[in-house]
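These are the residues of each chain, in order.
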Amino acid sequence: GSRVVQMLRDIAHKTDSTAISLLARRVGNMLREDQAAAGTDPFAKIKTMISQMISSMQKSLAEDVDHAQQCKTDMKAATEKLAAKGAEVTKFQTRIDGAVSKSASFKTEVAELKEALSTLAEAQANATNIRSEESALFKKNEPEIQQGIEGVKIALKTLREYYGNQDQGAATGIVGMLEVVESDFAKQLAEMRVAESTAAEDFKKEAQEMKQEKTRKEQDVKYKLDAIKQLDADLTELQSDADGAQNVLDDAKAYAETVRSKCTVTPMSFEEKRAKRQQEIDDLKGALTALESSSSSTAKSLLQKGQTSVLRQLRGSHAVHTMDN
């Protein structure tokens, strides 16, 4: 019996197995108890105990294998889901960033357009004021020059009628001078009218161009404001979708962490644990085979030796008890 116990202890030491060590202790206790009883076969009980432990370890190993396979499946699914949901969140964030950037760009352009419209309105007002001043000055100067021309003409007519065909003498110089003045006035009036006409035409053309430019910019502002409004609406929807995707991703992370904590074996990996458990099973099977292959005479001899030892201990204990009495 001690050989069996020692065999189990050796296996326990070899495999560093607490379970087998406890089995060796149970076998030892059982042998000591059975040695006091006649007609018992402790080896049958030992084989049963070893067989039960082998079955228990095989069951545990099969459960570990199933657990490892399930962990592999769960980890793969968790990893794939994390990647998919992470990509989905990234996609939404990219779209959000693009919409935010585009909206900011439109807002900048709207501000620039409004500033340009303000500058255009100021330029148009200045041009209108200048044109008004030019027109007012022309309207003031034109009749004055016309009156001057008319006055010179009257003077010339008067001089000519007065002197008639007579030798005009000194009057000739005056008439000549008045004719020059009349010519200068006429030339000045003609230039003023051309300048006024040109200025009026240029103003009309510029005013039309400013009006068209204003219309284009105002339409551009309206288009961009509508686009900003649509982008803001899209952003609200995108943010809602992104929040939903983020929640799913957070759940996926939590699930992955749960799987990871459940499937991460420390300090021994699954492969190491499986190899150790298999070694325990193999060694126990070896011990069981050794027991089963032992001859019945050897078993009986071991049993008788054990029983004789127990009887001697009992007789010695009885003698001591008698002497004490």
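Residues numbered from 1 in each chain as written. Predicted model: local features only at pLDDT ≥ 70, side-chain atom pairs only at ≥ 80, totals over all residues. Heavy atoms only, no water.

> Give a description of the packing of aromatic side chains that names residues and reports values.
Going through the model one piece at a time under the given rule, you end up with 1 aromatic pair. In this structure, Lys91 packs its charged tip against the face of Phe92, placed 5.0 Å from the ring centre. (Phe/Tyr/Trp six-rings, centres within 6.5 Å; stacked < 30°, edge-to-face > 60°. Lys NZ or Arg CZ within 6 Å of the ring centre and 35° of its normal.)

> Provide a residue-level description of the environment of Val100, including the pertinent values.
Topologically, Val100 is positioned in helix H3 (residues 42-163). Separated by 128 residues in the primary sequence, Val100 and Ile228 place their C-alpha atoms 9.6 Å from one another. (Helix = DSSP H or I, 4+ residues; strand = E, 2+ residues; numbered from the N terminus.)

> Please set out the state of the cysteines residue by residue, giving values where relevant.
Summed over the entire model, instances satisfying the criterion amount to 1 disulfide. Across a sulfur-sulfur distance of 2.0 Å, Cys71 and Cys263 are joined as a disulfide pair. Its S-S torsion of about -90° marks the bond between Cys71 and Cys263 as left-handed, since a negative value means left-handed. Placement of Cys71 in helix H3 and of Cys263 in helix H4 (residues 170-263) is noted, with a sequence separation of 192 residues between them. (Disulfide = S-S within 2.5 Å.)

> An account of a negative patch on the surface is requested, with residue identities and associated values reported.
Together, Glu201, Asp202, Glu206 and Glu209 give the surface a local cluster of negative charge. Topologically, Asp202 is positioned in helix H4. (Patch = residues over 30% accessible without salt bridge, like charges linked within 9 Å, V, L, I, M, F, W, Y side chains within 5 Å. Areas by Shrake-Rupley, 256 points an atom, 1.4 Å probe, with all protein chains shown as cover. Salt bridge = Lys/Arg side-chain N within 4 Å of Asp/Glu carboxyl O. Lys, Arg positive; Asp, Glu negative; His and termini not counted. Charge placed at Lys NZ, Arg CZ, Asp CG, Glu CD.)

> Just give me the short version of the environment of Ala123, but keep the residues and values in it.
Looking at the secondary structure, you find Ala123 in helix H3. Put simply, Ala123 and Met210 are 87 residues apart on the chain and 8.9 Å apart in space, counted from C-alpha to C-alpha.

> Any details on the nonpolar core? Residues and values, ideally.
Counting 24 residues, the largest nonpolar core has Leu8, Leu23, Val27, Ile46, Ile50 and Leu284 as its most contacted members. Counting only elements with at least two residues in this core, the list comes to helix H1 (2-15), helix H2 (18-34), H3 and helix H5 (270-293). The leading source of residues in this core is H3, at 8 residues. Beyond its immediate stretch of four places on either side in the chain, Leu23 contacts Leu8, Met49, Ile50, Met53 and Leu284. Judged by nonpolar contacts, the second largest core, of 17 residues, contains Val221, Ile228, Leu231 and Leu249. (Core = buried A, V, L, I, M, F, W, Y, C linked by side-chain atoms within 4.5 Å. Buried < 20%, exposed > 50% of the residue type's maximum accessible area, 1.4 Å probe, protein only. Contact = heavy atoms within 4.5 Å.)

> Tell me about the pattern of salt bridges, and please be specific about residues and values.
Applying the stated rule across the entire model yields 13 salt bridges. Its salt-bridge partner being Asp74, residue Lys262 comes within 3.6 Å of it at the nearest N-O pair. Within this pair, whereas Lys262 is found in helix H4, its partner Asp74 is found in helix H3, the two being separated by 188 residues in sequence. Of the residues examined, Lys262 reaches a relative accessible area of 44% and is grouped as partly exposed. Among the residues examined, Asp74 registers a relative accessible area of 12% and is labelled buried. With a closest N to O distance of 3.5 Å, Glu144 and Lys140 form a salt bridge. With Glu144 and Lys140 both in helix H3, this residue pair falls 4 residues apart, about one helical turn. Residue Glu144 is classed as partly exposed on the basis of its relative accessible area of 42%. Take Lys140: its relative accessible area is 49%, and that puts it in the partly exposed class. Within the structure, one salt-bridge network assembled from shared partners comprises Glu109, Asp220 and Lys224.

By themselves, these are just geometric observations and shouldn't be taken as functional.
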